[in-house]
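Spelled out, the chains give:
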Amino acid sequence: MMKTLRPVFFFFAFLQVAHAHAQRAVQLKQQVVVFRPLYFHVDEVIDDRKNKENIGSIGTGGKTEPIVMDRMLQSSLREFIQRSVHQNIQNQPIDIHIVKVNFNISRKGNEWAEDAEIVFAFYAGDRKLIEYSGKGQKQTEEDPMAFVQEFMVKTLESNLKRFDTWWQQNKEKVPVTQEVKMIVTIGKTINKPNCIVYNKNRALIISDFEGKPEPDKIEMAATLSGVGMESSGETQNGQIVLNVVLTPYFSKSGSWFKIDGTNPRVLDHERTHFGITALSACETARRIRATTFYQSDYETKLQEILKSGTEAANREQARFDEESNHGTIADMEEQWERKVRDKIGKSDCY
């Protein structure tokens, strides 16, 4: 792959200090940083500090003055990186958030005592990846403000190097792509006890109905079936990949036959109920594949689709019973059995 590099500008680094309005103003001049990130590029610099007015204070002669940038710190750092850091914009875009910048400089005899703390956080979009902090101290008789630029540049360069190493090791594990990939399959086995997974080559038999009949029901038999969902995810190439397994199942303990109903006609009716459940799993899988999911909503959307599929299946089961009068209207029963059988035959689920 051809790498596109930003033009390199060479500048001498120097500091301008102004004594106006009782403050010290710092101008961050560009210089060549001998470093090129290999696995990311800085897309944006964002200042998260509550107080963006200054970057610290300097005390001398009994007075304390704020240290400020000649422009906003966010703009200064953004331009510095654009001009002074070699970058390949084809790499992963990363934002740097300014969490803390504080310089505390005071006069002690003939020397200046300088303390500094800088905290940068690295983000991929809205996702915080890692945070680095740097602290430094210095005693000097020279211009104390030179320490401000020196420490800021060294901290930035050090953090860029640290993050480049970290990102190389972790980029495959961190979901930076907002869209979630769904892989949907129809389950062939199930962990539920006393359950049978739908298999078009294995029709239900009367002995599968192990539940206790409900004497107050007019029906000769009842089928308890549903669609179970299991999911497991991992991050691949910066994207969440969710494996969703939809399993149409028949509950042996929840399904029953009355003695008077143990005949092939009633059994075919119950088999068709289970077939409707199987088709519901297919339709739910189709809807999941047709939906775009994002990190912010994929769990909610998935549950909504499953709930909607269950409700639609319940309506179809009720319609089947109503139109066939629970299997007692022979021609309607035959139509429903044929329709469900044909749909399953044409489906790629089973």
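Reference entry: report on the structure contained in this document. (Residues numbered from 1 in each chain as written. Predicted model: local features only at pLDDT ≥ 70, side-chain atom pairs only at ≥ 80, totals over all residues. Heavy atoms only, no water.)

1. Quick notes on the side chain of N170
The following threshold applies: In DSSP terms, a helix is any run of H or I states spanning at least four residues, a strand is any run of E spanning at least two, and both are numbered starting from the N terminus. In this scheme, a residue with accessible area under 20% of its type's maximum is buried, one over 50% is exposed, and one in between is partly exposed, where area comes from a 1.4 Å probe on protein chains only. A 3.5 Å cut-off defines polar contacts: any pair of N or O atoms within that distance qualifies, except that in protein one atom must be a possible hydrogen donor and the other a possible acceptor, and neighbouring residues in sequence count only when both atoms are side-chain atoms.
As for its placement among the helices and strands, N170 is situated in helix α2 (residues 146-170). The buried category is assigned to N170, whose relative accessible area is 16%. Reaching out from N170, the side chain makes a polar contact with the backbone oxygen of W166 at a distance of 2.8 Å.

2. Comments concerning the state of the cysteines
Here, disulfide denotes a covalent bond that connects the sulfur atoms of two cysteines. Note the following rule: What counts as a disulfide here is a pair of cysteine sulfur atoms lying within 2.5 Å.
Within the structure shown, the criterion is met by one disulfide. Disulfide partner of C282: C349, at an S-S distance of 2.3 Å. Of this pair, C282 sits in helix α3 (residues 264-289) while C349 sits in the segment after α5 (330-346), and the two are 67 residues apart along the sequence. By relative accessible area, which is 11% here, C282 ends up buried.

3. Things to note about the packing of aromatic side chains
For the record, the criterion: Between rings of Phe, Tyr and Trp, where Trp is taken as its six-membered ring, a pair exists when centres lie within 6.5 Å; planes separated by under 30 degrees are stacked, by over 60 edge-to-face, and by other angles tilted. Only when the NZ of Lys or the CZ of Arg is both within 6 Å of the ring centre and within 35 degrees of the ring normal is a charge said to sit over the ring.
What the rule picks out here adds up to 16 aromatic pairs. An angle of 90 degrees between the planes, with centres 6.5 Å apart, marks the rings of F40 and F122 as edge-to-face. Here F40, found in strand β3 (residues 40-47), pairs with F122, found in strand β7 (residues 111-124); they are 82 residues apart in sequence, far enough to count as distant. The class of F40 is buried, set by a relative accessible area of 0%. F122 gets classed as buried once you look at its relative accessible area, which sits at 0%. With a centroid separation of 5.7 Å and an interplanar angle of 70 degrees, the aromatic rings of F122 and Y132 are classed as edge-to-face. Here Y132 lies in strand β8 (residues 127-140) and F122 lies in strand β7, a separation of 10 residues in the sequence. Here a set of aromatic residues connected by ring pairs shows up, and it is made of F40, F122, Y132, F163, W166 and W167. A cation over an aromatic ring shows up here: K192 above the ring of Y249, its NZ or CZ 5.3 Å from the ring centre. Sitting over the face of the ring of W336, K339 holds its NZ or CZ atom 3.6 Å from the ring centroid.

4. With respect to the pairing of strand β4 (residues 56-60)
Our working definition: Note on pairing: DSSP must find at least two bridges between two strands before they are called paired.
In the sheet, β4 pairs with strand β5 (residues 63-69) via five bridges, with the strands oriented antiparallel. Directly across from S57, in β5, lies its bridge partner P66. The hairpin turn running from β4 into β5, its antiparallel successor, is two residues long, and G61 in that turn takes a positive phi close to 60 degrees. Sheet topology places β4 next to strand β6 (residues 92-108); four bridges connect them, and they run parallel. Its bridge partner being in β6, I58 is matched across the sheet by I105.

5. Some thoughts on the environment of L73
In plain terms, the rule: The criterion used for residue contact is that any of the two residues' heavy atoms lie within 4.5 Å.
For L73, the position within the fold is in helix α1 (residues 73-84). Owing to a relative accessible area of 2%, L73 belongs among the buried residues under this scheme. For the pair L73 and D47, spaced 26 residues apart in sequence, the C-alpha separation works out to 7.6 Å. When near neighbours in sequence (up to four residues on either side) are disregarded, L73 contacts D47, R49, I55, I98, V101 and M152.

6. Digging into the layout of surface pockets
Heads up, the rule is: Grid spacing is 1 Å over the protein atoms alone, the probe is 1.4 Å, and a cavity is where that probe fits but cannot get out, while a pocket is an open set with protein on both sides within 12 Å along at least five of seven lines and lining residues have an atom within 4 Å of a point. Grid points are joined across faces, edges and corners, and a volume is the space filled by probe spheres set on the points. Gly is put with the polar residues, along with every residue not named as nonpolar or charged; the nonpolar set is Ala, Val, Leu, Ile, Met, Phe, Trp, Tyr, Cys and Pro, and the charged set is Asp, Glu, Lys and Arg.
Approximately 690 Å³ is the volume found for the largest pocket. Around the largest pocket, the lining is made up of 34 residues, and of these A222, T223, E270, H273 and D321 lie nearest the centre. Within the residue set of the lining of the largest pocket, elements represented by two or more residues are β11 (221-222), β12 (225-236), α3 and α4 (298-324). For the lining of the largest pocket, the element with the highest residue contribution is α3, accounting for eight residues. Looking at side-chain class alone, the lining of the largest pocket contains 11 nonpolar, 17 polar and six charged residues. There is about 430 Å³ of room inside the second largest pocket. In this structure, the second largest pocket is lined by 20 residues; those nearest its centre are L279, S280, C282, E283 and T284.

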